[in-house]
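# Structural description and commentary
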Number of protein chains: 2
Amino acid sequence: MNPEEEKRATPCSSPVFVHNPHLDVMKDDVLYHFGLGTATHNLPAMFGDVKFVCVGGSPWRMKSFTEYIAAEIRMEDPESEYPNICAGTDRYAMYKVGPVLSVSHGMGIPSIAIMLHELIKLLHHAHCEDVTIVRIGTSGGIGLEPGTVVVTKKSMDATFLPKFEQVILGKTVERNTDLDQCLAEELLQCSKELNQFETVIGNTMCTLDFYEGQARLDGAFCSYTEKDKQDYLKKASEAGICNIEMESSVFAAMCKLSGLRAAVVCVTLLDRLKGDQMNSSHEVLQSYQLRPQILVGNYIKKLLKAKAGRSCNSATV
Amino acid sequence: MNPEEEKRATPCSSPVFVHNPHLDVMKDDVLYHFGLGTATHNLPAMFGDVKFVCVGGSPWRMKSFTEYIAAEIRMEDPESEYPNICAGTDRYAMYKVGPVLSVSHGMGIPSIAIMLHELIKLLHHAHCEDVTIVRIGTSGGIGLEPGTVVVTKKSMDATFLPKFEQVILGKTVERNTDLDQCLAEELLQCSKELNQFETVIGNTMCTLDFYEGQARLDGAFCSYTEKDKQDYLKKASEAGICNIEMESSVFAAMCKLSGLRAAVVCVTLLDRLKGDQMNSSHEVLQSYQLRPQILVGNYIKKLLKAKAGRSCNSATV
């Protein structure tokens, strides 16, 4: 472990911030879309030990990630299934194994934003500290071999600017979409050590739409030509954009505001310069989708091992 | 049945339009987020008889709607469950009973937009005609008794304008959010006949965010006061806005473009002038959520009965 990793792995008591004075005077807080609340659940007891949160669009993928990470960090219980903590609702699914929380967020900025508001409040109510959060997702690549994993440097909007526009009381406020560059580098390093698939660091474009919003030619509506599409993607590429997805900007903005150490790790399912349709076989697409899980799972294992090693060393001093 | 209903119930062979010349030259079309495709599924055989599509955020709600409508139109098969047609993916759930298709769309504009692109292509590939589509959802009310059902007149954005902004190749295009006013009136009339709960026609505000975007005071972040919130909601009310949700604008815009006869029917779960938290009991909230289902179910039953009556009369002439 290098000194930067050592530093990162050392507890430094950084809490999860909310920025809302109204919460202080609320008698209790219903996290409606999780089916949880401060009056009905002992959030510090349930979540106080969380150090890693992994989020992704699909509930199945987040369940499979939990099973994977349980085996990796040897905390699996062969007798038990991992119950969905949000079983009272079908808006999101949530699983926990040891210090790792896994939450689904659906598709698109609004869907992940609702989840993050409630997740940030949950981590705050549970008095969690030093939390790392990673979005593990899928994306369309620009000029990359399908299956390449992209760790996001900057999340950019559809005009290639690194910002997220939040509408508040009908007025647009710009928010910064910086992600943790050390964490991105550590993930890249981890992938090099794993040596199982290609991983790059690059900018990610975050759009509000999958079809017209990403210059696809295969939606129900399309008013532009193949050349228009290629010109647009070429400009994106010139802005350092390696892949396109639909959640990273608000994820980066909200994590930054709440002091969460955050990264976005997405696999590319296709090269958008060569096509728009996802017509690789189900098996190939499934295997690609495992890559962010494998990378982040390995990273978490490495950090937990380092931490255990330090505790052990301290005990023998 | 009044003459307007008679006219509406009469087949007039209105197809479902796509506006995309590129689709004509595609060998096949993968509807990725449904796990369906023209090469792998016989879409005309599976969906050619669809006349009503009901969409809503939650997969559970859309399954329960299918069971409800099956009993209402007496097409239920007590021996069989209704299988999820999109079982190969967990992005959306889809159920069908007779001419009624029921599809979940997740939360927010991007999530419903992906679904609608693929649904419109599905209906087009299946050669469906004369399709009516209704979003049955939940919302926050402004100055209405919780449990009131709102049939949307116009869908408005966060600045109270009746438009939807679609980003195409990085440029913003404005789209019209008109809904079918005759359909809205017919639904209101149907609710009067049912006489089970209050229903109104009013404008609906569609936002990109549930917390700051809807002036809530209970998100992880909030930079405004209770008075700012009340002033904003008062202005919304003055623009004729009765309720707030997160999908109606793109739904209205896309249905209009594709020639689908469309309505938005949402129940209000709380009065936003009095609070932000959803702290009614689970049972009360559940019973409210049934109301759009009951109204739309009844409307479909009425139309199918009228159609059957006409066929019967024709046969005896």
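Residues numbered from 1 in each chain as written. Chains lettered and ligands numbered in written order. Predicted model: local features only at pLDDT ≥ 70, side-chain atom pairs only at ≥ 80, totals over all residues. Heavy atoms only, no water.

## Thoughts on the side chain of Ser191(A)
- Inspection of the secondary structure puts Ser191(A) in helix α5 (residues 181–194).
- Excluding residues within four positions of it along the chain, Ser191(A) makes contact with Phe197(A), Thr199(A) and Leu295(A). (Helix = DSSP H or I, 4+ residues; strand = E, 2+ residues; numbered from the N terminus. Contact = heavy atoms within 4.5 Å.)

## Description of the pairing of strand β3 (residues 52–56) of chain B
Residue and element names in this part refer to chain B.
- Counting buried residues along β3, 5 of its 5 residues qualify, which places the element largely inside the surrounding structure.
- Residues Phe52, Cys54 and Gly56 line one face of β3 and the alternating positions Val53 and Val55 line the opposite face, and both faces are buried.
- Two elements, β3 and strand β5 (residues 100–104), share 5 bridges in a ladder whose sense is parallel. Note that in β5 the partner of Cys54 across the bridge is Ser102. (Buried < 20%, exposed > 50% of the residue type's maximum accessible area, 1.4 Å probe, protein only. Pairing = 2+ DSSP bridges.)

## Considering the relation of the copies chain B and chain A
- The two copies are related by a screw operation: chain B maps onto chain A through 180 degrees of rotation and 0.0 Å of translation along the axis, at an RMSD of 0.0 Å. Taken together, these values place the two copies in the relation of a two-fold axis.
- Interface residue correspondence from chain B to chain A reaches 100%, placing this contact among same-surface, isologous pairings. (Least-squares fit on C-alpha atoms with pLDDT ≥ 70 in both.)

## A short note on the UniProt feature "binding site: phosphate" (unreviewed entry) in chain A
Residues and elements named next belong to chain A.
- In this numbering, the UniProt entry assigns the feature "binding site: phosphate" (unreviewed entry) to Arg91, Arg135, Ile136, Gly137 and Thr138.
- Within the secondary structure, Arg135 is located in strand β6 (residues 132–141).
- Residues in contact with Arg135, not counting those within four places in the same chain, are Val55, Gly56, Gly57, His105, Ile112, Glu245, Glu247, Phe251, Ala263, Val264, Val265 and Cys266.
- By secondary structure assignment, the location of Ile136 is in strand β6.
- Given a relative accessible area of 1%, Ile136 falls into the buried group.
- Dropping the residues within four chain positions of it, Ile136 is found in contact with Cys54, Val55, Gly56, Arg61, Met62, Phe65, Val265, Pro292, Gln293 and Val296. (UniProt positions renumbered as here; feature names shortened; annotations may be inferred.)

## Comments concerning the pattern of salt bridges
- Taken as a whole and judged by the stated rule, the model has 31 salt bridges over all chains.
- Here Lys227(A) ties to Asp231(A) by a salt bridge, and the two come within 2.8 Å at their closest N and O atoms. Here Lys227(A) pairs with Asp231(A), and both are found in helix α6 (residues 226–238), just 4 residues apart, close to one helical turn.
- Take Asp231(A): its relative accessible area is 31%, and that puts it in the partly exposed class.
- Across the pair Glu186(B) and Arg261(B) runs a salt bridge whose closest N-O atoms are separated by 2.9 Å. (Salt bridge = Lys/Arg side-chain N within 4 Å of Asp/Glu carboxyl O.)

## Observations concerning the environment of Ser287(A)
- Looking at the secondary structure, you find Ser287(A) in helix α8 (residues 282–316).
- Within the local environment of Ser287(A), its side chain forms a polar contact with the backbone oxygen of Val284(A), the two atoms lying 2.8 Å apart. (Polar contact = N/O pair within 3.5 Å; in protein donor to acceptor, adjacent residues only side chain to side chain.)

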